[in-house]
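Coordinate analysis (summary)
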Amino acid sequence: MTTQKSELIAKDKKIAVPGEILATGMDFLPSNGTYRLSDKILASKLGVLNVDGKVLKIIPVSGRYFPRKGDVIIGKVVDLNFNGWRVNINCAYEAMLSVKDATSDFIRRGENLTKFFDINDYMVTQIINVTSQNLVDLTLKGMGLKKLYGGRIIEINTHKVPRIIGKQGSMVSMIKEATGCKITVGQNGFIWISGPPAGEILAVTVIKKIESESHQSGLTDKIKEYLDKNRVVPKQTTPVQESENDFEQEEPQSDAQSDFSDEQE
Amino acid sequence: MSKDSKTNLIRYLSEEKRFDGRKLDEFRQIEIEYNVSKTAEGSARVKVGETEVIAGIKLEMGKPFPDTPDEGALMVGTELLPLSSPDFEAGPPGIEAIEMARVVDRGLRESKAIDNKKLCVKKGEKVWIISVDICTINNQGNLLDVCGLAAIAALKVAKFPGFDGERVDYKTHTDEPVPLLKIPIPVTVFKLSGKYFVDPTSEEEQEYDSRLTVTTIEDGTICALQKGGDAPITVEDVDNMVSIALRKANEIRKSL
């Protein structure tokens, strides 16, 4: 091994393009969106570079959802197998939900599986495993994981999901409170909304607004103002106030908020 | 689409609301851009919300049909490009594309929108043949109405190419417009559980009991009708749907 000096070439918080050399030397470690080639670290995605100590990571600016173990997502049943269901999880690979991970009920041999899930049914589910071949396994055993009844599903850019949820779920609970809707945000960009039509419409417009304006500063205040102006549910007498001023500076870390088991109703 | 979304749509309609917050008889924003193609004699790009369609007009010289020796001809073709929707496949036109082309064609033909006699160059020998080609760029619902609107928008700006009596020179354009007498506008009215709505998004378009496309001209004359959907409609339904279509067509005509 050469004892070459390690050096950070790309700048922190700046856009990196695929193939760009981010750093040289063995002192830096590649994380999401980067890879090591001989003694260099290169970008594999278009996004903002995040340097956390020695770890280099790229937060993608756009693109499809990529499945990760542990993500809580919303999926749609597209096919039935003899031992489970194939689920569309808004990504290039279809996921598999096997019967043993779906229910703890006793299932007779040859039972009709559509009793549990039929094609086009939606569910909140969690990824338990992603193989190197990108075979995705799902489970329904866990907090808040369930089949979804009624409501609407909308699709947003998966990289904007942390902004929809907000710091400790602040944004989504604000929307829930103003619209009177039940909302579940999946990491894969599917969002389930259920409530009175007027509330659902408001929730959809607000979510689309957040998605398109997420790069602007003061987003939380703006959305709060918009919701107060258009709210469907009258304001509560004791509003919960949280200070969330530093939310905007948080962007590169916002991935950390993505595990949100408390999002379910 | 699942049973859930149908009951959901019915729930919305019963409160006089749509999935995107519009009123039942409200169209999305209409944007029309003229002469988007250099090579076509006339063209238009029409956007209704996120639905986008391009129509182009080509004029060629040809022999008239024997029964109408002094009249030009009209051909309408629709292509549903696979890029515009995951439901569209490449290949020969399917039943949907044929229906769209025929309803647009019927609207233009039966309204006598084009002065066919003026397309005649030499009786029985040479007439202009108008081809209207419609391509879908993005399908977010209500393609038929948007195709009809694009076709008429493109015809409106179409100009004859240069013609020396022998050959058509497509490189030059004359100032002579295609003789357009009327502006037929198709409006499709959908019915689901007793409620009428227009301009559905692709989500809403999945579920309906019946639909009626009504093409009308300025003075309110109906020049084409097309019924679709599994459920039958009553005479009263037809009356209601026609009056909605007539009102919407007059609004849409202003955007041309």
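Only a predicted model underlies this, so the values are computations on that prediction, with no experimental measurement involved.

The next point concerns the overall build of chain B. For chain B, the helix and strand inventory stands at five helices and twelve strands. A compact globule built from 256 residues should have a C-alpha radius of gyration of about 18 Å, and chain B, at 19 Å, falls within 12% of that. A principal-axis box enclosing the C-alpha atoms of chain B has dimensions of 65 × 35 × 30 Å. Sorting the 256 residues of chain B into buried and exposed places 36% on the buried side.

A few words on the overall build of chain A. Scanning chain A from N- to C-terminus turns up five helices and 17 strands. In chain A, which comprises 265 residues, the share counted as buried stands at 33%. Pairs at least 24 apart in sequence give 59% of the contacts found in chain A among residues at least 6 apart.

It is worth spelling out the environment of Lys160(A) at this point. Residue and element names in this part refer to chain A. As for its position among the elements, Lys160 is in the loop between strand 15 (152–155) and helix 2 (161–165). Sequence separation of Lys160 and Arg86 is 74 residues, and the distance between their C-alpha atoms is 26 Å. Discounting residues that sit within four places of it in the chain, Lys160 has contacts with Glu211 and Ser214.

This next bit is on the sheet that holds strand 11 (residues 210–216) of chain B. All names here are of chain B. Pairing is antiparallel across the open sheet formed by four strands, whose spatial order is 10-9-11-12. The strands lining the two open edges of the sheet, one partner per strand, are strand 10 (195–198) and strand 12 (222–228). Across the sheet, the mean angle from the axis of one strand to that of its neighbour is 25 degrees, orientation sign disregarded. Against the sheet, helix 3 (residues 143–157) makes contact with strand 9 (185–192) and strand 11, and its axis sits at roughly 175 degrees relative to strand 9, the strand it touches most. Contacting strand 9, strand 10, strand 11 and strand 12, helix 5 (residues 235–254) crosses the sheet at an angle of about 135 degrees to strand 9.

Hydrogen bonding along the main chain pairs the strands of a sheet, whether they run parallel or antiparallel. Residue and element names in this part refer to chain A. On the basis of which strands lie adjacent, the open sheet formed by four strands has the order 1-3-6-5 and antiparallel pairing. The open sheet has two free edges, formed respectively by strand 1 (7–8) and strand 5 (34–37), since each of these has just one partner strand. Judged from the two bridges that link them, strand 1 and strand 3 (residues 21–24) form a sheet pairing that is antiparallel. Bridging from a neighbouring strand, Leu8 pairs with Ala23 of strand 3.

Considered domain by domain, chain A is made up of domain 1 (7–60), domain 2 (72–148) and domain 3 (152–263). Relative placement of domain 1 of chain A and domain 2 of chain A: their C-alpha centres are 35 Å apart.

Here we take up the interface of chain A and chain B. The interface of chain A with chain B comprises nine residues on the first partner and nine residues on the second. Counting residues per element, the side of chain A that touches chain B draws most heavily on helix 4 (residues 197–213) of chain A, which supplies four residues.

Counting 55 residues, the largest nonpolar core has Ala55(B), Val132(B), Cys147(B), Ala150(B), Ala151(B) and Ala154(B) as the members making the most contacts within it. Per-element tally for this core: the top contributor is helix 3 of chain B, with eleven residues. Core analysis: the next-biggest nonpolar cluster, separate from the first, contains 43 residues, Trp85(A), Tyr122(A), Ile156(A) and Ile201(A) among them.

Residues and elements named next belong to chain A. The contact between helix 3 (residues 170–179) and helix 5 (residues 219–230) brings their axes to 10 Å, and the two run at 5 degrees. In terms of axis orientation, helix 3 runs roughly parallel to helix 5. Taken together, the residues of helix 5 that come into contact with helix 3 (itself represented by Met171, Met174, Ile175 and Ala178) are Thr220, Ile223, Lys224 and Leu227. Its residues assigned to classes, the contact of helix 3 with helix 5 comprises six nonpolar, one polar and one charged.

Below, the discussion takes up unusual backbone geometry. The phi angle at Asn134(A) is positive, at roughly 60 degrees, despite the residue not being glycine. Tracing the backbone through its elements, the reader meets Asn134(A) in the loop between strand 12 (122–130) and strand 13 (136–139). Given 13 C-beta atoms within 10 Å, Asn134(A) falls into the partly exposed group. Even without a glycine there, the phi angle at Ser193(B) is positive, about 40 degrees. You can see Ser193(B) is positioned in the loop between strand 9 and strand 10. Overall, Ser193(B) belongs to the partly exposed group, with 15 C-beta atoms counted inside 10 Å.

A separate point is helix 3 of chain A. All names here are of chain A. Within helix 3, seven of the ten residues are buried, which leaves it mostly tucked inside the rest of the structure. Within helix 3, burial applies to Met171, Val172, Met174, Ile175, Lys176, Ala178 and Thr179. Next to the buried residues of helix 3 lie helix 2, strand 16 (182–185), helix 4 and helix 5. Phi for Gly180, located one or two positions after helix 3, is positive at around 70 degrees.

Our next topic: the confidence of the model for chain B. For chain B, per-residue confidence averages 91 on the pLDDT scale, and residues scoring 70 or more make up 99% of the total. Listed scores for the predicted complex are pTM 0.80 and ipTM 0.74.

Residue and element names in this part refer to chain A. With respect to the secondary-structure elements, Phe82 resides in the loop between strand 9 (72–80) and strand 10 (84–88). Residue classification places Phe82 among the exposed positions, given that 7 C-beta atoms sit within 10 Å. Separated by 40 residues in the primary sequence, Phe82 and Leu42 place their C-alpha atoms 43 Å from one another.

Looking now at helix 5 of chain A. Residue and element names in this part refer to chain A. In this model helix 5 runs 16 Å from its N-terminal to its C-terminal C-alpha over twelve residues, within 8% of the 16 Å that 1.5 Å per residue would give. Within helix 5 the residues assigned to the buried category are Thr220, Ile223 and Leu227. Each buried residue of helix 5 sits inside an arc of 65 degrees when the element is viewed along its axis, so together they form one side. Summarising the geometry of helix 5, the exposed residues directed more than 90 degrees from the buried face are Glu225, Asp228 and Lys229. Check the buried side of helix 5 and you find it contacts helix 3 and helix 4.

Here we come to the packing of helix 4 of chain A against helix 5 of chain A. Residues and elements named next belong to chain A. Following both chains from N to C, one finds helix 4 and helix 5 inclined at 160 degrees, their axes separated by 11 Å at the closest point. Relative to helix 5, the element helix 4 lies roughly antiparallel. The way helix 4 lies across helix 5 gives a crossing that is right-handed. Here Leu202, Val206, Lys209, Ile210 and Glu213 of helix 4 come into contact with helix 5, specifically with Leu219, Ile223, Tyr226, Leu227 and Asn230. Looking at the contact of helix 4 with helix 5 residue by residue, the classes come out as seven nonpolar, one polar and two charged.

Cut-offs applied
Position numbers for residues start from 1 in each chain and track the written sequence from start to end. Note on labels: chains are lettered from A, ligands numbered from 1, in written order. Residue-level local features of this predicted model are given only where pLDDT is at least 70; pairs of side-chain atoms are given and counted only at 80 or more, and the full residue set underlies all totals for whole chains, interfaces and linings. Per the convention used, a helix needs a DSSP run of H or I reaching at least four residues, while a strand needs a run of E reaching at least two, with both numbered from the N terminus. C-alpha atoms define the radius of gyration in this analysis, and the globule rule sets the expected value at 2.2 Å times the number of residues to the power 0.38. Partly exposed residues are those falling between the two cut-offs: more than 12 but fewer than 20 other C-beta atoms within 10 Å of their own, whereas 20 or more means buried and 12 or fewer means exposed, with C-beta atoms placed from the backbone. Once C-beta atoms have been placed from the backbone, residue pairs whose C-beta atoms lie within 7 Å are recorded as contacts. Strands pair, by our definition, only if DSSP identifies at least two bridges between them. Inter-axis angles, ranging from 0 to 180 degrees, are taken between N-to-C directions of lines fitted to C-alpha atoms, where helices are fitted over the stretch in contact. Each domain's extent is set by a domain assignment, obtained either automatically or from a database. Among buried residues, those of type Ala, Val, Leu, Ile, Met, Phe, Trp, Tyr and Cys that are joined through C-beta atoms within 7 Å form a set called a nonpolar core. With respect to orientation, any angle under 35 degrees is reported as roughly parallel, any angle over 145 as roughly antiparallel, any angle of 65 to 115 as roughly perpendicular, and every other angle as oblique. When residue character is reported, Ala, Val, Leu, Ile, Met, Phe, Trp, Tyr, Cys and Pro are called nonpolar, Asp, Glu, Lys and Arg charged, and the others, Gly included, polar. Scored between 0 and 100, pLDDT is the confidence that the predictor attaches to each residue. How far a helix is expected to stretch is found by multiplying one less than its residue total by 1.5 Å. Directions drawn from the helix axis to the C-beta atoms are what define this arc. In this scheme the crossing of two helices becomes right-handed for a clockwise turn of the near helix relative to the far one and left-handed for an anticlockwise turn of less than a right angle.

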